[in-house]
Amino acid sequence: MDRNQLRRQVAHMRSSLIEQHYLDQQQFVQLEDLEDDSNPNFVEEIVTLFYKDSSRLFQKIDQALHSVPMDFARLDDYVHQFKGSSSSIGAIKVKNECTQFKEFCLAGNAEGCLRAFQRVKHEHEALKRQLETYFQLRRQAGMAQRS
Amino acid sequence: MTDGNANGNQEGATTPLMSWNNNLKALLVDPSPACRLIGKAYLTAYGVNTEAVDNADVAIILLNMGASFNVILIDMHMREMNGAQFAMLLRSSGVQTKLLGMSAMFREREKEEFLEAGGDGFIEKPLHPSKFVPILQELDSN
C-alpha cells in the first residue's frame with residue numbers, strides 16, 4: 001500500500017473515532033497539531049502516559065471500592081483525577097462514564113459505583129484497542145513516508 | 001519530580017504559535033503525567049517557557065529557590081494539599097504570581113474557595129488554548 005493510501009486510511013480512522021465519540025475532535029486534533037518533526041510521536045507519548053495514569057488510578061479505585069465501609073470521598077477524588085486526564089486527551093466516552101461514576105459517589109450509592117467502574121473500564125479498554133490500531137496505522141504511514 | 005523537555009527545547013524549536021511582548025514563564029503543577037505533558041506542550045507551543053512539576057512541595061521548593069513565573073497553573077487535586085491550601089500558602093509567603101486553578105469539573109464552591117484563598121482564576125479541564133490564551137494576553141499587557 002502506498003503512502004497516500006495509508007495516510008487516507010489514517011485520516012479515515014481518525015474521523016471514525018471522532019464520529020463514534022471515542023475522541024473529541026477539538027481536543028485530539030489540536031494535540032496532533034502540536035506534533036512536529038522534532039516530536040513526531042507526541043500524541044502516542046501522551047496516550048502512553050494516560051494508560052499509566054489510568055492503571056494507577058484503577059488500582060486505587062479498586063481498593064476504595066473494596067474498603068469497608070466504601071470510601072466515597074476518596075473514590076470521588078480518584079474518579080475526578082481520572083476524569084481530568086481523560087478529558088485532556090479528548091476521551092469523551094471515558095470522561096462521560098467518569099461523570100456518571102462521580103454522581104454515584106456523591107450519592108453514596110455503592111452498587112452504582114461498582115457498576116459505573118465496570119463501565120469506565122469497558123470504555124477505557126475499547127478506546128485503548130481503537131488507539132492501538134490507529135497508532136499502528138500512523139506508524140505504517142510514517143514508515144512508508146521514509147521509504 | 002520535574003518533567004524534562006518533553007516537547008523539545010526552546011532553541012531550534014518550531015516557531016511559537018503566538019508572540020508576546022514579555023518573556024512569559026509558567027509553572028504547571030499537576031499530579032497527572034498526561035496532563036503535565038499536554039499542558040507543557042500547549043504552553044510551549046504558544047511561546048510560554050514552561051516548567052511542569054507533579055506536586056505542590058516541588059513547586060514550593062522551586063519558588064523558594066528564587067524561580068519566578070508570570071503564572072502558576074495548579075490542579076485542584078494535588079496529593080499533599082488542595083488548590084485553595086496551596087494558594088493560601090503561596091500568598092502568605094508573599095508570592096504575588098498570578099494563580100490559576102484547574103479542575104476536571106467546574107464546582108462553584110471549589111472555585112470560590114480558591115479565589116478567596118488568593119487564586120486569580122479558574123479553568124475547567126481540559127486545558128485548551130481558548131482557555132489560557134486570553135489570560136496570558138492580559139498578563140502580557142501589564
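Residue positions are counted from 1 within each chain, in the order its sequence is given. Chain labels run from A onward and ligand labels from 1 onward, assigned in the order the entries are written. Predicted model: local features are reported for residues with pLDDT of at least 70 only, side-chain atom pairs are reported and counted for 80 or more only, and whole-chain, interface and lining totals are derived from all residues. Side-chain calculation: all heavy atoms of the structure are included, whereas hydrogens and water are not.

A.B. asks: I keep staring at the packing of helix 3 (residues 42-65) of chain A against helix 1 (residues 33-45) of chain B and nothing clicks. Help me out?
C.D. replies: For any two helices packed against each other, one specifies the crossing angle of their axes together with the interaxial distance. To define axes, lines are fitted to C-alpha atoms, for helices over the stretch in contact only, and angles between the resulting N-to-C directions are given on a 0 to 180 degree scale. Put simply, DSSP H or I for four residues or longer makes a helix, DSSP E for two residues or longer makes a strand, and each gets a number counted from the N terminus. Two numbers describe how helix 3 of chain A lies on helix 1 of chain B: the axes approach to 7 Å, and their chain directions differ by 150 degrees. Comparing their axes, helix 1 of chain B and helix 3 of chain A come out roughly antiparallel. On the side of helix 3 of chain A, the interface is formed by Phe42, Glu45, Ile46, Leu49, Phe50 and Asp53 of chain A, while helix 1 of chain B contributes Pro33, Ala34, Leu37, Ile38 and Ala41 of chain B. Classifying every residue of the contact of helix 3 of chain A with helix 1 of chain B by side-chain character gives nine nonpolar, no polar and two charged. Working definition: roughly parallel below 35 degrees, roughly antiparallel above 145 degrees, roughly perpendicular at 65 to 115 degrees, and oblique for all remaining angles. Note on definitions: a residue-residue contact is assigned when non-hydrogen atoms from the two residues lie within 4.5 Å. When residue character is reported, Ala, Val, Leu, Ile, Met, Phe, Trp, Tyr, Cys and Pro are called nonpolar, Asp, Glu, Lys and Arg charged, and the others, Gly included, polar.

A.B. asks: How should the packing of aromatic side chains be read in this particular structure?
C.D. replies: How two aromatic rings sit relative to each other is given by the distance of their centres and the angle of their planes. Residues and elements named next belong to chain A. Stacked, tilted and edge-to-face are the three classes assigned to paired rings of Phe, Tyr and Trp, where Trp is represented by its six-membered ring and a pair needs centres within 6.5 Å; plane angles under 30 degrees give stacked, over 60 edge-to-face, the rest tilted. In total, this model carries 11 aromatic pairs over all chains according to the counting rule given. One aromatic cluster is present, formed by Phe50, Tyr51, Phe58, Phe82, Phe101 and Phe117 through successive ring pairs. Note that Lys128 overlies the ring of Tyr51, its terminal NZ or CZ placed 4.9 Å from the centroid. Our definition puts a charge over a ring when NZ of Lys or CZ of Arg is within 6 Å of the ring centre and also within 35 degrees of the ring normal.

A.B. asks: Would you mind going over the environment of Leu99 of chain B with me for this structure?
C.D. replies: All names here are of chain B. Within the element layout of this structure, Leu99 appears in strand 4 (residues 98-103). Judged by relative accessible area, which is 0%, Leu99 ranks as buried. Along the backbone, Leu99 and Lys25 are 74 residues apart, and their C-alpha atoms lie at a distance of 13 Å. Burial classes follow relative accessibility: with a 1.4 Å probe on protein chains only, a residue under 20% of its type's maximum area counts as buried, one over 50% as exposed, and anything between as partly exposed.

A.B. asks: Can you help me understand the packing of helix 2 (residues 25-33) of chain A against helix 3 of chain A in this one?
C.D. replies: All names here are of chain A. Running from amino to carboxyl end, helix 2 crosses helix 3 at an angle of 125 degrees, the nearest separation of the two axes being 8 Å. Our classification of the angle between helix 2 and helix 3 gives oblique. Along the contact surface, helix 2 presents Phe28, Leu31 and Glu32, while helix 3 presents Phe42, Val43 and Ile46. Here the contact of helix 2 with helix 3 is composed, by residue class, of five nonpolar, no polar and one charged.

A.B. asks: How should I be thinking about the environment of Ser141 of chain B in this particular structure?
C.D. replies: Assignment of secondary structure puts Ser141 of chain B in helix 5 (residues 129-141). Residues Ser141 of chain B and Gly66 of chain B, 75 residues apart in the sequence, show an inter-C-alpha distance of 24 Å.

A.B. asks: Just to check I follow, could you spell out the nonpolar core for this structure?
C.D. replies: Soluble, globular proteins show a tendency: their nonpolar side chains are buried together. Take the buried residues of types Ala, Val, Leu, Ile, Met, Phe, Trp, Tyr and Cys, join any two whose side-chain atoms come within 4.5 Å, and each joined set is a nonpolar core. Ile61, Leu75, Phe101 and Leu131 of chain A together with Leu73 and Leu136 of chain B are the most contacted members of the largest nonpolar core, which has 69 residues in total. Discounting chain neighbours no more than four positions away, the residues touching Leu136 of chain B are Trp20, Leu24, Leu43, Val48 and Val71 of chain B. Val29, Ile74, Leu90 and Leu99 of chain B belong to the second largest nonpolar core, which has 24 residues in total.

A.B. asks: I'm lost on the interface of chain B and chain A in this one. Help?
C.D. replies: Quoted interface sizes are often the accessible area lost when the parts come together. Taken together, the contact between chain B and chain A spans 24 residues of the former and 25 residues of the latter. Note that Arg107 of chain B is salt-bridged to Asp76 of chain A, the shortest N-O span being 2.9 Å. Residue composition of the side of chain B that touches chain A, grouped by class: 15 nonpolar, six polar and three charged. The working definition used for a salt bridge is a side-chain nitrogen of Lys or Arg within 4 Å of a carboxyl oxygen of Asp or Glu.

A.B. asks: Just checking my understanding: could you explain the environment of Val29 of chain B for this structure?
C.D. replies: Residues and elements named next belong to chain B. Note on placement: Val29 falls in strand 1 (residues 25-29). Residues Val29 and Val53, spaced 24 residues apart in sequence, show a C-alpha to C-alpha distance of 5.1 Å. For Val29, the contacting residues outside a window of four places in its chain are Val53, Asn55, Ala56, Ala59, Ile72, Leu73, Ile74, Asp75, Met78 and Met102.

A.B. asks: It is not clear to me how the sheet that holds strand 3 (residues 71-75) of chain B should be interpreted in this structure. Could you clarify?
C.D. replies: All names here are of chain B. Being paired, for any two strands, means DSSP has found at least two bridges between them. Reading across from one edge, 2-1-3-4-5 is the order of the five strands in this open sheet, with parallel pairing throughout. Across the chains shown, the open sheet's two edge strands, defined by having one partner strand only, are strand 2 (49-53) and strand 5 (121-124). Across the sheet, the mean angle separating the axes of adjacent strands is 20 degrees when strand polarity is ignored. Pairing of strand 3 with strand 4 involves five bridges; the strand directions are parallel. Its bridge partner being in strand 4, Val71 is matched across the sheet by Lys98.

A.B. asks: What exactly am I supposed to notice about the confidence of the model for chain B here?
C.D. replies: Close reading of the predicted structure is inappropriate where its pLDDT is low. Residue and element names in this part refer to chain B. With 90% of its residues at a pLDDT of at least 70, chain B reaches an overall mean of 87. Note that pLDDT drops below 50 for residues 4-12; the model gives that stretch 11 contacts with residues more than four away or on any other chain. Across the whole predicted complex the pTM is 0.85, and at the interface the ipTM reaches 0.80. Each residue gets a pLDDT score, which is the predictor's confidence in that residue and runs from 0 to 100.

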